[in-house]
Amino acid sequence: MDTWTGLTAAYCLRRGATVIVRGLRSAADLRHEHQLAAMNEQLGIQTVWLPSRPQLVATSSTVARAYRSAQSARPS
């Protein structure tokens, strides 16, 4: 896993990436993501959106990170 501060587009450019893949859960996400994609495009990064499966619409990245953290904290 890699972490960074600042703009994701700047991180991508440093790493040589030209595309960001983002998930969409709802129409509200699309409005927000469209604004981010427009900004990233000005910085040279394209955005690809993938819709979520219906059963995962209520799952946020915060919930996914918390789940992953809990799984890694479990004794083997």
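The structure we're discussing is the one just above.
The structure reproduced in this document is the subject of the present report. Computed from a prediction, not measured in an experiment: that's the story for all the values here. (Residues numbered from 1 in each chain as written. Predicted model: local features only at pLDDT ≥ 70, side-chain atom pairs only at ≥ 80, totals over all residues. Heavy atoms only, no water.)

What about the pattern of salt bridges?
- Per the counting criterion, the structure on display carries three salt bridges.
- For the salt bridge of Asp-2 with Arg-15, the shortest nitrogen-to-oxygen distance reads 3.7 Å. Linking Asp-2 in the segment before α1 (8-15) with Arg-15 in helix α1, this pair joins segments that are 13 residues apart in sequence.
- Assessed through its relative accessible area of 59%, Arg-15 is described here as exposed. (Salt bridge = Lys/Arg side-chain N within 4 Å of Asp/Glu carboxyl O. Helix = DSSP H or I, 4+ residues; strand = E, 2+ residues; numbered from the N terminus. Buried < 20%, exposed > 50% of the residue type's maximum accessible area, 1.4 Å probe, protein only.)

Focus: the side chain of Asn-40
- With respect to the element layout, Asn-40 can be found in helix α2 (residues 27-42).
- Sequence-distant contacts of Asn-40, defined by excluding residues within four places in its chain, comprise Ala-9, Ile-20, Ile-45 and Thr-47. (Contact = heavy atoms within 4.5 Å.)

Focus on the pairing of strand β1 (residues 19-24)
- Where β1 and strand β2 (residues 46-51) come together, six bridges link them in parallel fashion. Bridging from a neighbouring strand, Gly-23 pairs with Leu-50 of β2.
- Read as a crossover between parallel neighbours, the route from β1 over α2 to β2 is right-handed. (Pairing = 2+ DSSP bridges. Right-handed = clockwise from strand over helix to strand, strands pointing away.)

Considering the packing of aromatic side chains
- Enumeration according to the criterion identifies one aromatic pair in this entry.
- Arranged with centres 4.2 Å apart and planes meeting at 15°, the rings of Trp-4 and Tyr-11 form a pair that is stacked.
- Take Trp-4: its relative accessible area is 36%, and that puts it in the partly exposed class. (Phe/Tyr/Trp six-rings, centres within 6.5 Å; stacked < 30°, edge-to-face > 60°.)

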